[in-house]
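Residue-level structure breakdown
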Amino acid sequence: MSTVKPKHIGRNISRIRELRDMKQEALAIAIGTNQQSISIIEGSESVDEEKLKKIAQALGVPVEVIRNFSEEAVFNIMGNSYDNGSSSINHNNCTFNPLDKLLEVIEKNEKLYERLVESEKEKVALLEKLLDKK
């Protein structure tokens, strides 16, 4: 039997903050609290919804990015987006923000989902039309 570990929202906040090159103090000022509170939040598995919205806004990401943040996804994006002709990654020449790439992927997935939902609605409407004819 496998157990799924719940997402650790505080850890996700911490990693995104670090990727944004933001200190705890700067995040604290942005949401109107102190550095100690940010430290406590980053150590928490869950975060109050209102605080999460403020933090997401301060970090410049949607709340869903914090909830669904995955370091594996960031590393996959980095690995697939950077090619300098060798097998090693030279981080000094990296010209993109992994969070921006993650946001692009999420936006593409949302658009794909919306198209799939629309397609299903069209199918249902067609089937209902066919049933009405009988």
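Quick note: structure is the one above.
Attention in this report is confined to the structure presented alongside it. Just so we're clear, the structure is a prediction, and the values are computed from it rather than from any experiment. (Residues numbered from 1 in each chain as written. Predicted model: local features only at pLDDT ≥ 70, side-chain atom pairs only at ≥ 80, totals over all residues. Heavy atoms only, no water.)

Below, the discussion takes up the pattern of salt bridges. Taken as a whole and assessed by the stated rule, the structure comprises six salt bridges. Between Arg15 and Glu18 there is a salt bridge whose closest N-O contact spans 2.4 Å. Highlighted residues: Arg15 and Glu18, both in helix α1 (residues 9-19), separated by three residues, approximately one helical turn. Residue classification places Glu18 among the partly exposed positions, given a relative accessible area of 40%. Three or more residues are tied together by salt bridges with common partners; here these are Glu49, Glu64 and Arg67. (Salt bridge = Lys/Arg side-chain N within 4 Å of Asp/Glu carboxyl O. Helix = DSSP H or I, 4+ residues; strand = E, 2+ residues; numbered from the N terminus. Buried < 20%, exposed > 50% of the residue type's maximum accessible area, 1.4 Å probe, protein only.)

Considered for burial, the residues of helix α4 (residues 49-59) that qualify are Leu52, Ile55, Ala56 and Leu59. Angular distribution of buried residues about the axis of α4 spans 100°; they occupy a single face of the element. Elements that come into contact with the buried residues of α4 comprise α1, α2 (24-31), α3 (35-42) and α5 (63-68). Between a side-chain oxygen at the N-terminus of α4 and the backbone nitrogen of Glu50 the separation is 2.9 Å; the capping residue is Asp48. Immediately downstream of α4, the backbone of Gly60 shows phi near 75°, a positive value. (Arc of directions from axis to C-beta. Contact = heavy atoms within 4.5 Å. Polar contact = N/O pair within 3.5 Å; in protein donor to acceptor, adjacent residues only side chain to side chain.)

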